[in-house]
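One letter stands for each residue in the lines below.
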Amino acid sequence: MHEVAVKEGLLAHNDEAAHHNREHFIEHGVYVINIMSAPGAGKTTLLERTVDAFKRDYKVAVIEGDLQTNQDAERIAKHGVPALQINTGGACHLDARMIHDALDHLPLAGLDLLVIENVGNLVCPAEFDLGEHDKVMLLSVTEGHDKPRKYPLMFHVARAMVLNKVDLLPYTDFDVAKATRDAKAYNLDLDVIQVSARTGAGLENWLTWLKARMARVKAR
Ligand SMILES: Nc1nc2c(ncn2[C@@H]2O[C@H](COP(=O)(O)OP(=O)(O)OP(=O)(O)O)[C@@H](O)[C@H]2O)c(=O)[nH]1
Ligand SMILES: [Mg+2]
């Protein structure tokens, strides 16, 4: 079969599973985000902070995607919320079927927020709908402000771009205005939030954004 036809078939199959996941999420009134970034941009660190801030008032669970190892799920579990690791066995992204299978081990009943940390990669995760409400693109300032132009799909499909590691801005040539302008050129509705998951700077803005998105889903 032609390569393009194979890919289209794969994506159609994924969309079907994503639709199924979405039905589950809606049924349980749980808000679901899919965090995507390059390796090491700070996804797990931001999630650790988010879990700490939310766990008293909300029921939160996390699904971690990685090629191998349980390290990220173990990091999250230490913060006292359910964390399930998916190993993709070499695949550079999570797909909807993997999430569907994970839901067998992660009860959605009573959950307010489910966070999915995707595999660190700036290409493949953008193409696969997991059934989530929002995709969030985390870009750390050490990666360079050219990333929106080089990996446009990631920014096109995201609801928010979180600029992480802003504590390191003085040591980089990262141009926040340029990165924001370029990302918005692919996505006019993109919200942009600056944080340092290390120092906690800007974290309040991220938490406020999440709460607002969560409330929107609950209200439906
Ligand atoms: N200076 C600084 N370092 C950070 C910040 N956020 C994360 N880091 C560091 O960046 C490194 C990678 O952080 P992780 O949270 O593991 O990144 P990740 O995106 O989950 O990585 P993968 O799951 O491997 O893709 C760690 O050494 C963190 O301590 C930040 O805001 N500022
Ligand atoms: Mg991680």
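Residues numbered from 1 in each chain as written. Chains lettered and ligands numbered in written order. Predicted model: local features only at pLDDT ≥ 70, side-chain atom pairs only at ≥ 80, totals over all residues.

Enquirer: What am I meant to see in the sheet that holds strand 4 (residues 113-117) here?
Expert: Hydrogen bonding along the main chain pairs the strands of a sheet, whether they run parallel or antiparallel. Pairing is parallel in the open sheet, where 7 strands are placed in the order 3-2-4-1-5-6-7. Here the strands that pair on one side only, and so sit at the sheet edges, are strand 3 (83-87) and strand 7 (191-194). Neighbour-to-neighbour, the strand axes of this sheet turn through a mean angle of 20°, independent of strand direction. Where strand 6 (residues 160-164) and strand 7 come together, 4 bridges link them in parallel fashion. Within strand 7, the residue paired with A160 across the bridge is D191. (Pairing = 2+ DSSP bridges. Helix = DSSP H or I, 4+ residues; strand = E, 2+ residues; numbered from the N terminus. Axes fitted to C-alpha atoms, helices over the stretch in contact; angles between N-to-C directions.)

Enquirer: Can you walk me through helix 2 (residues 43-54) in this structure?
Expert: Residues lying three or four places apart along an α-helix face the same way, a consequence of the helix completing one turn every 3.6 residues. Over its 12 residues, helix 2 runs 16 Å from end to end, which matches the ideal 16 Å to within 8%, given 1.5 Å per residue. Along helix 2, the residues that are buried comprise K43, T44, L46, L47, R49, T50 and V51. (Expected span 1.5 Å × (residues − 1). Buried ≥ 20, exposed ≤ 12 C-beta atoms within 10 Å, placed from the backbone.)

Enquirer: Mind showing me how you'd approach the site of ligand 1 here?
Expert: Neighbouring ligand 1 are 17 residues, the closest being G42, T44, T45, G120 and R198. Broken down by element, the shell around ligand 1 gets its largest block of residues, 3 residues, from helix 2. Within the shell around ligand 1, the residues separate by chemical class into 4 nonpolar, 8 polar and 5 charged. (Near = placed C-beta within 6 Å. Nonpolar A, V, L, I, M, F, W, Y, C, P; charged D, E, K, R; others polar.)

Enquirer: Can you walk me through the pairing of strand 4 in this structure?
Expert: A regular strand places its side chains on the two faces of the sheet in alternate fashion. Buried residues dominate strand 4, accounting for 5 of its 5 residues. On strand 4, burial covers both faces: L113, V115 and E117 on one face and L114 and I116 on the other are all buried. Taken together, the 5 bridges between strand 1 (residues 31-37) and strand 4 define a ladder with parallel strand orientation. Residue pairing across strands places N34 opposite I116, the latter belonging to strand 4. The pairing of strand 2 (residues 60-66) with strand 4 spans 5 bridges and is classified as parallel. Counterpart to V62 in the pairing with strand 4 is V115.

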